[in-house]
Amino acid sequence: MKIEFVSDVACPWCASASMRLSALQAIGPEIAVELSFQPFELNPTMDAEGADTVQYLMAKYGLTPEQIAKNQAQSASAVPRWASNSGRATASGTP
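Residues numbered from 1 in each chain as written. Predicted model: local features only at pLDDT ≥ 70, side-chain atom pairs only at ≥ 80, totals over all residues. Heavy atoms only, no water.

Caption draft 1: Focus on the pairing of strand β1 (residues 2-7). Only one face of β1 is covered, namely the one carrying Ile3, Phe5 and Ser7; the face carrying Lys2, Glu4 and Val6 has none of its residues buried. By the bridge criterion, 6 bridges tie β1 to strand β2 (residues 34-39) in an arrangement that is parallel. Directly across from Phe5, in β2, lies its bridge partner Phe37. (Buried < 20%, exposed > 50% of the residue type's maximum accessible area, 1.4 Å probe, protein only. Helix = DSSP H or I, 4+ residues; strand = E, 2+ residues; numbered from the N terminus. Pairing = 2+ DSSP bridges.)

Caption draft 2: Summary view of the pattern of salt bridges. On inspection of all chains with the given rule, the structure shows 1 salt bridge. Salt-bridge contacts for Glu4 lead to Lys2; the nearest nitrogen and oxygen are separated by 3.7 Å. (Salt bridge = Lys/Arg side-chain N within 4 Å of Asp/Glu carboxyl O.)

Caption draft 3: Representation of the packing of aromatic side chains within the structure. For the structure on display, the rule yields 1 aromatic pair. Between the aromatic rings of Phe5 and Phe37, the centroid separation amounts to 5.8 Å while the plane-to-plane angle is 85°, which identifies the pairing as edge-to-face. One end of the pair, Phe5, is in strand β1; the other, Phe37, is in strand β2, and 32 residues separate them in sequence. (Phe/Tyr/Trp six-rings, centres within 6.5 Å; stacked < 30°, edge-to-face > 60°.)

Caption draft 4: Seen up close, a nonpolar patch on the surface. A cluster of nonpolar side chains, contributed by Met1, Ile27 and Ile31, occupies part of the molecular surface with about 270 Å² of accessible area. Along the chain, Met1 falls in the segment before β1. (Patch = residues over 30% accessible without salt bridge, like charges linked within 9 Å, V, L, I, M, F, W, Y side chains within 5 Å. Areas by Shrake-Rupley, 256 points an atom, 1.4 Å probe, with all protein chains shown as cover.)

Caption draft 5: Fine view of helix α1 (residues 12-23). An ideal rise of 1.5 Å per residue puts 16 Å on 12 residues; α1 measures up with 17 Å between its terminal C-alpha atoms. The set of residues buried in α1 consists of Cys14, Ala15, Ser16, Ser18 and Leu21. Where α1 is buried, its residues meet β1 and β2. (Expected span 1.5 Å × (residues − 1). Contact = heavy atoms within 4.5 Å.)

Caption draft 6: Just the side chain of Asn43, in detail. Along the polypeptide, Asn43 turns up in the loop between β2 and β3 (51-52). Given the relative accessible area of 18%, Asn43 is considered buried. Within polar-contact distance, the side chain of Asn43 engages the side chain of Tyr56 at 2.8 Å. (Polar contact = N/O pair within 3.5 Å; in protein donor to acceptor, adjacent residues only side chain to side chain.)

Here it is, written out as structure tokens:
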């Protein structure tokens, strides 16, 4: 089975799906899984230096800092360490 996964590493839902897809490789020899990753920028117009994540989410979605903190806490367990971007949203999804 070949799976091409298109995602932005700054997206917590993409990171969660990536972990689950990676788990497919542990199924064993019964199902051969070839997993490849393709980049995608959720916001290609963002400046290269990025933006403060909380400020960005407040402006984009009209959320309060408390709502953002709650959402981040709920998704934190699903996001692997490699997806962390040190509190900055970036155009490429990398710090």
